[in-house]
Amino acid sequence: MTHVVLIAEELAPSAIDVLASDFEVRQVDGTDRAALLAALAEADAVIVRSATQIDAEAIAAGTRLKVVARAGVGLDNVDVPAATAKGVLVVNAPTSNIVSAAEQAIALLLAVARHTATASASLRQGEWKRSRFTGVEIQGKTVGVVGLGRIGVLFAQRMAAFGTRLIAYDPYVQPARAAQLGVRLVGLEELLRESDFISIHLPRTPETLGLIGEKELRLVKPTVRIVNAARGGLVDEQALADAIAEGRVAGAGLDVYAKEPCTSSPLFNFDNVVAVPHLGASTVEAQDKAGLAVARSVKLALQGEFVPDAANVQAGGVVAEDVRPLLPLAEKLGMVFTAVAGGIAAAVEVEVRGPVAANDVSVLKLAATKGLFAAVVEEQVSYVNAPLLAAGRGVEVRLTAVAESEDAPVLVTVRGALPDGRSVGVSGTVTAHGLRLTEVDGYDLDLAPDGVLLFFRYLDRPGVIGAVGTILGQLDVNIAAMQVARRQAGGEALMTLTVDSPVTAEILTEAAAAIGATASSTVDLTER
């Protein structure tokens with residue numbers, strides 16, 4: 001069945017092209033609530049910008065929904081906890097507009113320094129008043145950067161070219177890192193007192209809300225000019241208006257506001273304030289980058305690939321190239337473990353051995369957890385909600401990584417203790433020929449973990465293999481591959497079969513009874 005991608009707001013044509021080659025693309029007006037909810041019922045993914053609300057009701061309406069993508073930086077219009085609870089991936093484009101945002105801050109700083117907006121308006125009104133718009137140079141001035149994140153760094157790098165002295169306040173950045181950028185780290189009060197220009201580059205959090213208020217604005221030079229192209233509410237707008245009115249601040253450049261849309265503010269009354277309607281990401285390039293980024297993430301997710309930068313995946317981040325092939329292996333080992341165990345374990349350990357363990361392999365624990373619950377819960381299991389399912393059932397999943405010598409083979413093991421005291425373990429590896437299942441509960445194997453697998457434990461004796469083949473043939477089940485492992489002749493043996501189609505519980509029980517099996521199980525590892 002072809003996946004349906006629902007586009008609820010305008011998206012760059014290049015992004016639509018990425019999706020249209022593999023999926024059915026549909027469009028809906030995301031602001032039309034009734035139309036949105038109806039369209040979500042048949043959607044596997046939905047892409048929005050800022051106007052469409054993807055709340056708990058919308059997520060519940062998307063019974064097939066696997067991905068919610070926001071073609072932009074924030075996720076204020078997406079109910080991330082509701083999506084996580086349903087196993088729906090949430091992605092955005094956090095780096096798509098960083099260059100545009102940094103350039104916007106510089107544009108505002110220059111416009112405030114040279115009275116660009118008011119001078120332009122004056123000339124358009126037929127006035128030629130050059131002396132009224134005398135500005136200040138930036139060269140040689142001290143520029144204070146509040147927040148040295150990705151955008152703050154880009155801003156600082158560009159401002160250095162103007163011949164400025166750069167200082168910054170960011171309690172989460174090490175002085176050595178700042179020094180590499182040519183920036184001196186200072187406290188907030190020192191930055192406020194020393195700066196000729198201040199540009200804010202912080203996220204909006206409870207800690208940063210109102211960071212620059214009436215008290216802080218009494219510390220600054222009366223010639224200071226303040227720019228905020230980050231988030232509204234970081235600067236107290238009324239306090240800033242009072243400071244400008246009283247001559248304690250020389251000007252301001254604003255792109256963001258505490259409440260948006262904002263069409264009325266005391267700050268709009270001043271000629272030395274440049275105010276624009278949140279244009280930080282409003283460039284052709286930023287919109288293209290955002291659309292392409294989320295389109296690629298949606299494509300990965302719908303093709304069953306891991307999306308490392310998803311907003312609600314616990315093991316997010318860059319996955320090393322050596323680790324990536326182990327993701328499907330760890331997931332399949334989790335599925336085999338649950339099948340062989342016959343239920344959920346009380347505690348599970350995921351062990352990764354080999355030189356690959358020198359990397360960050362935490363994502364393999366996540367993949368194994370996903371596999372553990374794939375066949376035992378009714379809801380969709382994904383990288384997103386697998387940890388919630390484990391926590392909700394009291395299953396602790398631990399990770400052990402052992403980096404061995406360079407020539408050691410890669411080995412992933414999932415083992416766990418069951419409520420009845422039994423211990424079960426399964427192992428696998430990756431070879432030049434693909435994924436291999438190498439051990440099941442102490443029995444050595446060499447089998448591709450693909451298709452439908454059947455496991456039978458029985459007392460080793462002549463005729464069992466023929467009996468299994470006969471009974472499955474009578475039940476119209478075709479055997480594609482078979483392996484038998486045992487520890488000693490006449491002892492317990494494990495027969496593993498790969499068959500061409502899923503088998504029912506009745507068929508499994510009948511086949512097990514025919515050979516006197518002490519235990520039997522099946523797991524469907526067919527790629528979907």
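It should be noted that the structure appears before, not after, this text.
Read on for an overview of the structure. As the structure is a computational prediction, the values presented were derived from the model and not from experiment.

1. Side note on the side chain of Asp255
- With respect to the helices and strands, the residue Asp255 is situated in the loop between strand 11 (251-254) and strand 12 (273-275).
- Engagement of the side chain of Asp255 in a polar contact is seen with the side chain of Gln104, the distance being 3.3 Å.
- Once you skip the residues sitting within four places of it in the chain, Asp255 turns out to touch Gln104, Leu108, Asn228, Ala229, Glu260, Val276, Pro277, His278, Leu279 and Gly280.

2. Here's the deal with the sheet that holds strand 22 (residues 519-524)
- As summarised here, the arrangement of the four strands in space is 20-21-19-22, forming an open sheet in which the pairing is antiparallel. In the strand order of this sheet, the two ends are held by strand 20 (479-486) and strand 22, each with one partner. With direction set aside, neighbouring strand axes in the sheet form an average angle of 15°.
- Across eight bridges, the pairing between strand 19 (residues 452-459) and strand 21 (residues 492-499) is antiparallel. Bridge pairing in strand 21 links Phe456 to Met495.
- Strands strand 19 and strand 22 of the sheet are contacted by helix 13 (residues 326-341), whose axis makes an angle of about 155° with strand 22.
- Sheet contacts for helix 17 (residues 505-515): strand 19 and strand 22; angle to strand 19, the most-contacted strand, approximately 25°.

3. Things to note about the packing of aromatic side chains
- Across all of its chains, the model carries one aromatic pair by this definition.
- Aromatic pair Tyr257 and Phe268: ring centres 6.0 Å apart, planes at 85°, arrangement edge-to-face. With Tyr257 in the loop between strand 11 and strand 12 and Phe268 in the loop between strand 11 and strand 12, the pair connects residues that are 11 residues apart, well separated along the chain.
- For Tyr257, a relative accessible area of 6% corresponds to the buried category.
- Note that Arg487 overlies the ring of Tyr443, its terminal NZ or CZ placed 4.1 Å from the centroid.

4. Some words on helix 16 (residues 464-474)
- Here helix 16 has its buried residues at Val464, Val468, Ile471 and Leu472. Within helix 16, the buried residues cover an arc of 95° as seen down the axis, which keeps them to one side.
- Taken from the residues just after helix 16, Asp476 is the one with a positive phi, measuring 65°.

5. Quick look at the pairing of strand 7 (residues 165-169)
- Sheet topology places strand 6 (residues 142-146) next to strand 7; five bridges connect them, and they run parallel. Its bridge partner being in strand 7, Val143 is matched across the sheet by Leu166.
- Between the parallel pair strand 6 and strand 7, the chain is carried across by helix 7 (residues 150-160), and the sense of this crossover is right-handed.
- Two elements, strand 7 and strand 8 (residues 184-185), share two bridges in a ladder whose sense is parallel. For Ile167, the partnering residue across the bridge sits in strand 8 and is Arg184.

6. Description of the packing of helix 16 against helix 17
- Two numbers describe how helix 16 lies on helix 17: the axes approach to 9 Å, and their chain directions differ by 150°. Considering their axes alone, helix 16 and helix 17 lie roughly antiparallel with respect to each other. In this structure, helix 16 crosses over helix 17, and the sense of that crossing is right-handed. Residues Val464, Ala467, Val468, Ile471 and Leu472 of helix 16 lie in contact with helix 17, whose contacting residues are Ile507, Glu510, Ala511, Ala514 and Ile515.
- Considered class by class, the residues forming the contact of helix 16 with helix 17 number nine nonpolar, no polar and one charged.

7. As for the packing of helix 1 (residues 13-20) against helix 12 (residues 284-302)
- Interaxial distance between helix 1 and helix 12 falls to 8 Å at its minimum, and their mutual angle equals 15°. The angle between helix 1 and helix 12 falls in the class roughly parallel. In the packing of helix 1 onto helix 12, the handedness of the crossing is right-handed. Contact residues: helix 1 offers Ser14, Ala15, Val18 and Leu19, while helix 12 offers Asp288, Gly291, Leu292, Ala295, Val298 and Lys299.

8. As for unusual backbone geometry
- The residue after Glu260, namely Pro261, is reached through a cis peptide bond having omega -5°.
- Take Pro261: it is sitting in the loop between strand 11 and strand 12.
- Notably, His115 is not glycine yet its phi reads approximately 55°, a positive angle.
- One can find His115 in the loop between helix 5 (98-114) and helix 6 (116-124).
- For Asp441, which is not glycine, the phi dihedral falls at a positive 50°.

9. Structural notes on the sheet that holds strand 2 (residues 24-27)
- Read from one edge of the open sheet, five strands run 2-1-3-4-5, paired in parallel fashion. With partners counted over all chains shown, the strands left at the sheet margins are strand 2 and strand 5 (89-92), one partner each. Neighbour to neighbour, the strand axes of the sheet diverge by 20° on average, direction disregarded.
- By the bridge criterion, four bridges tie strand 3 (residues 45-48) to strand 4 (residues 67-70) in an arrangement that is parallel. Within strand 4, the residue paired with Ala45 across the bridge is Val67.

10. Here we look at the side chain of Glu9
- Mapped onto the elements of the fold, Glu9 is located in the loop between strand 1 (4-7) and helix 1.
- Buried charged residue Glu9 carries no salt bridge. Nearest counter-charge: Arg49, at 5.2 Å.
- Engagement of the side chain of Glu9 in a polar contact is seen with the backbone nitrogen of Arg49, the distance being 2.9 Å.
- Those residues within four positions of Glu9 in sequence are excluded, and the remaining contacts are Val28, Ile47, Val48, Arg49, Ser50, Ala51 and Thr52.

11. Comments concerning the nonpolar core
- If you look at the biggest cluster of nonpolar residues, it comprises 77 residues, and the most contacted ones within it are Ile47, Leu89, Val298, Phe337, Leu364, Val414 and Val440.
- Broken down by element, the residue count for this core peaks at 11 residues, all from helix 13.
- One finds Ile167, Leu191, Ala241 and Leu267 within the second-largest nonpolar core, a separate group that totals 29 residues.

12. A word on the pattern of salt bridges
- All chains considered together, the criterion is met by 27 salt bridges.
- Across the salt bridge formed by Lys66 and Asp44, the nearest N and O atoms sit 3.2 Å from each other. Here Lys66, found in the loop between helix 3 (56-61) and strand 4, pairs with Asp44, found in the loop between helix 2 (33-40) and strand 3; they are 22 residues apart in sequence, far enough to count as distant.
- Since its relative accessible area comes to 29%, Lys66 is described here as partly exposed.
- Judged by relative accessible area, Asp44 falls into the buried class, the value being 1%.
- Here Arg184 ties to Glu190 by a salt bridge, and the two come within 3.1 Å at their closest N and O atoms.
- We classify Arg184 as partly exposed; its relative accessible area is 41%.
- Among the residues examined, Glu190 registers a relative accessible area of 31% and is labelled partly exposed.
- When salt bridges with common partners are traced through the structure, they connect Glu127, Lys129, Arg132 and Asp271 into a single cluster.

The rules behind these values
Once a new chain begins, its residue numbering starts again from 1 and follows that chain's sequence as written. For this predicted model, a pLDDT threshold of at least 70 governs which residues receive local features, and a threshold of 80 or more governs which side-chain atom pairs are given and counted, while totals over whole chains, interfaces and linings are taken from all residues. Working from all heavy atoms in the structure, the side-chain values ignore hydrogens and water. Here a helix means four or more residues in a row that DSSP labels H or I, a strand means two or more in a row labelled E, and each is numbered from the N terminus. As used in this structure description, the phrase polar contact means that two N or O atoms lie within 3.5 Å; if the pair is within protein, one of them must be able to donate a hydrogen and the other to accept it, and residues adjacent in sequence are counted only when both atoms belong to side chains. The contact rule is simple, with two residues in contact once any of their heavy atoms fall within 4.5 Å. For two strands to pair, DSSP has to find at least two bridges joining them. Note on method: axes are straight lines fitted to C-alpha atoms, helices fitted across the in-contact stretch only, with angles between N-to-C directions ranging 0 to 180 degrees. Each Phe, Tyr or Trp ring (for Trp, its six-membered ring) is paired with any other whose centre lies within 6.5 Å, and the angle between the two planes then decides the class: stacked below 30 degrees, edge-to-face above 60, tilted in between. Categorising residues by exposure relies on relative accessible area from a 1.4 Å probe, with only protein chains included: less than 20% of the type maximum marks a residue as buried, more than 50% marks it as exposed, and the intermediate range marks it as partly exposed. Two thresholds decide whether a charge sits over a ring: the Lys NZ or Arg CZ must be within 6 Å of the ring centre and within 35 degrees of the ring normal. Throughout, the arc means that of the directions going from the helix axis to the C-beta atoms. Every crossover in which the path from the first strand over the helix to the second runs clockwise, viewed with the strands pointing away from the viewer, is termed right-handed. By definition in this entry, angles of less than 35 degrees are roughly parallel, angles greater than 145 are roughly antiparallel, angles of 65 to 115 are roughly perpendicular, and the rest are oblique. Crossing handedness is defined as follows: a turn of the near helix away from the far one that is anticlockwise and smaller than a right angle gives a left-handed crossing, while the clockwise case is right-handed. Each residue gets one of three labels, nonpolar for Ala, Val, Leu, Ile, Met, Phe, Trp, Tyr, Cys and Pro, charged for Asp, Glu, Lys and Arg, and polar for the others, Gly among them. We count Lys and Arg on the positive side and Asp and Glu on the negative side, and we leave His and both chain ends out. Take a side-chain nitrogen of Lys or Arg and a carboxyl oxygen of Asp or Glu: if they are within 4 Å of each other, that pair is a salt bridge. We call a set of buried residues a nonpolar core when its members are Ala, Val, Leu, Ile, Met, Phe, Trp, Tyr or Cys and they connect through side-chain atoms within 4.5 Å of each other.

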